[in-house]
Amino acid sequence: MADQSALVDEYFESALSLVKTCGNLIKDHITGCKDFVLKSCDIDLVTEIDKKVEETLVGGLSKLYADHKFIGEEAVSDGAKCELTDAPTWVIDPVDGTMNFVHGFPHSCISLGLLINKEAVAGIVYNPILEQLFTAKKGKGAFYNGRQIHVSQIKELSKALIMTEAGTSRDPERQKVLFENFKMIITKAHGIRTLGSAALNMCMVALGGADLNFEFGIHAWDIAAGDIIVREAGGVCIDPAGGPFDVLSRRVLCASTEELAQEMAKNLCQFYPERD
Ligand code: IPD
Ligand code: CA
């Protein structure tokens, strides 16, 4: 049987080349993409570029690897099953930060995670507008534009820069939890930041620029790549209540250290969305 690490290297290089090509589709709309339609609500947007990027990635990878499976945001929106098996599975967000992309706020990315036997083995997050490429492979570290990166060493909430998002839903219960958590962070932490892309937020933790990111209501495609990038940078990725991370749970908390992650988990007001 071929060595898994060599196979992952090959899959990764194929995916990276396709991701770079797709980046040009995003770059063509650097000042914004006003042509969008609504999905689940008035702040959940999709453009033709989201669909084109996903089709190009899925088309290109399935041509190379006929037995690979896909969980892609736009296919799932169109009714495909969100099913994670032991087969090599690419979890794809063609444009993470679609709201930013529509407005021309330059923080959008392509996010691509590869899981084999339900374990994350590679991740790519690429913002073509600012030329930011974050990558990781299992056991081989995390990289930003080719340079190895590491999380910060922050262990206390009182010294931590926290990232989160308001999300793409106006569910009143979720918003109540959001306001409680904003209040807690502003009272207890160093500061709060939101970039408008869950994947890029996670990469900021991997880079050591932020110390923790959490969100309720995100999907597998927003966090699959970020999870392995943060952990390969030396950080942790857990459930926001303190237990193990579950990529399909629609809940994420990643941090520079286990101590910080667990302190935050104790302080967070919890929300449990329906699973992917
Ligand atoms: C969204 C972004 C946003 C996050 C949402 C995601 P999309 O992804 O990552 O920052 O708050 O939860 O759904 O819709 O731009 O791909
Ligand atoms: Ca998206």
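What counts and how
- Residues numbered from 1 in each chain as written.
- Chains lettered and ligands numbered in written order.
- Predicted model: local features only at pLDDT ≥ 70, side-chain atom pairs only at ≥ 80, totals over all residues.
- Heavy atoms only, no water.
- Donors = N, O, S within 2.8 Å, 3.2 Å for Na, K, Ca; no water.
- Buried < 20%, exposed > 50% of the residue type's maximum accessible area, 1.4 Å probe, protein only.
- Pairing = 2+ DSSP bridges.
- Helix = DSSP H or I, 4+ residues; strand = E, 2+ residues; numbered from the N terminus.
- Axes fitted to C-alpha atoms, helices over the stretch in contact; angles between N-to-C directions.
- Contact = heavy atoms within 4.5 Å.
- 1 Å grid on protein atoms, 1.4 Å probe; cavity = no way out; pocket = protein on both sides within 12 Å on 5 of 7 lines; lining within 4 Å.
- Points joined across faces, edges and corners; volume = space filled by probe spheres on them.
- Nonpolar A, V, L, I, M, F, W, Y, C, P; charged D, E, K, R; others polar.
- Domains from an automatic or database assignment.
- Salt bridge = Lys/Arg side-chain N within 4 Å of Asp/Glu carboxyl O.
- Buried area = accessible area lost by both parts, 1.4 Å probe.
- Polar contact = N/O pair within 3.5 Å; in protein donor to acceptor, adjacent residues only side chain to side chain.

Moving on, we get to the coordination of the calcium ion (ligand 2). Distances from the calcium ion (ligand 2) to its protein donors, Glu-73 (OE), Asp-93 (OD), Asp-93 (OD) and Val-95 (O), fall at 2.1 to 3.2 Å. Within one chain, the residues donating to the calcium ion (ligand 2) are spaced in sequence as E-x19-D-x1-V. Take Asp-93 and Val-95: they sit in the same class, and that class is buried.

On to the sheet that holds strand β14 (residues 251-255). Sheet strands line up and pair through hydrogen bonds in the backbone, either parallel or antiparallel. The strand order across the open sheet built from 5 strands is β11-β10-β12-β14-β13, with neighbouring strands paired in mixed fashion. The sheet terminates laterally at β11 (191-193) and β13 (236-238), the two strands that pair on one side only. Averaged over all pairs of adjacent strands, the angle between strand axes in this sheet comes to 20°, irrespective of strand direction. Strand contacts of helix α6 (residues 198-207): β10 (161-163), β12 (212-216), β13 and β14, with the helix running at about 155° to β12, the strand carrying the most contacts.

With that settled, consider the layout of surface pockets. Of the voids in this model, the largest pocket is the one considered here, and its volume is about 930 Å³. Contributing to the lining of the largest pocket are 42 residues, with Asp-44, Gly-167, Thr-168, Ser-169 and His-219 lying nearest its centre. For the lining of the largest pocket, the secondary-structure elements that each account for two or more residues are α3 (73-77), β4 (89-96), α4 (98-103), β12 and α7 (220-232). Broken down by class, the residue content of the lining of the largest pocket amounts to 14 nonpolar, 13 polar and 15 charged. When residues of the lining of the largest pocket are assigned to domains, at least three fall in each of domain 1 (2-149) and domain 2 (157-267).

So, about the sheet that holds strand β9 (residues 147-149). On the basis of which strands lie adjacent, the open sheet formed by 7 strands has the order β3-β4-β5-β6-β7-β8-β9 and mixed pairing. In the strand order of this sheet, the two ends are held by β3 (69-72) and β9, each with one partner. The average undirected angle you get between the axes of adjacent strands in this sheet is 20°. Two strands pair when backbone bridges link them, and β3 and β4 are joined in this way by 4 bridges, in the parallel orientation. Bridging across to β4, Ile-71 finds its partner in Val-91. Against the sheet, helix α2 (residues 48-64) touches β3, β4 and β5 (109-116), its axis set at about 155° to β4. Along the sheet face, α6 touches β4, β5, β6 (119-127), β7 (132-137), β8 (142-144) and β9 and points at about 75° away from the line of β7.

Right, let's get into empty space enclosed by the protein. Per the stated rule, a full pass over the model turns up 1 cavity of 30 Å³ or more. Here the largest cavity is characterised by a volume of approximately 50 Å³. If you go around the largest cavity, the residues you meet are Thr-164, Glu-165, Arg-174, Val-177, Leu-178, Asn-181, Phe-214, Glu-215 and Phe-216. Looking at the lining of the largest cavity, the elements that each hand over two or more residues are α5 (172-188) and β12. Of all the elements, α5 adds the most residues to the lining of the largest cavity, at 4 residues.

Our focus in this paragraph is the pattern of salt bridges. Evaluation of the coordinates by the stated rule reveals 14 salt bridges. In this structure, Asp-42 engages Arg-170 in a salt bridge whose closest nitrogen and oxygen atoms are separated by 2.9 Å. Pair noted here: Asp-42 is in the loop between β1 (36-38) and β2 (45-47) and Arg-170 is in the loop between β10 and α5, with a separation of 128 residues, a long-range link. On the accessibility criterion, Arg-170 (45% relative accessible area) is partly exposed. Of the charged contacts, one joins Asp-227 and Arg-231 as a salt bridge, the two residues approaching to 2.8 Å between their closest N and O atoms. Of this pair, Asp-227 and Arg-231 both sit in helix α7, separated by 4 residues, roughly a single helical turn.

To continue, consider the domain arrangement of the protein chain. As far as domains go, the protein chain holds domain 1 (2-149) and domain 2 (157-267). Counting residues at the interface gives 45 residues for domain 1 and 27 residues for domain 2. By the criterion of area lost to domain 2, the three top residues of domain 1 are Ile-43, Phe-134 and Ile-149, representing 20% of everything that side buries. On inspection of domain 1 and its partner domain 2, the count reaches 1 salt bridge. Inspection of the region where domain 1 meets domain 2 yields 8 residue pairs in polar contact (both at pLDDT 80 or more).

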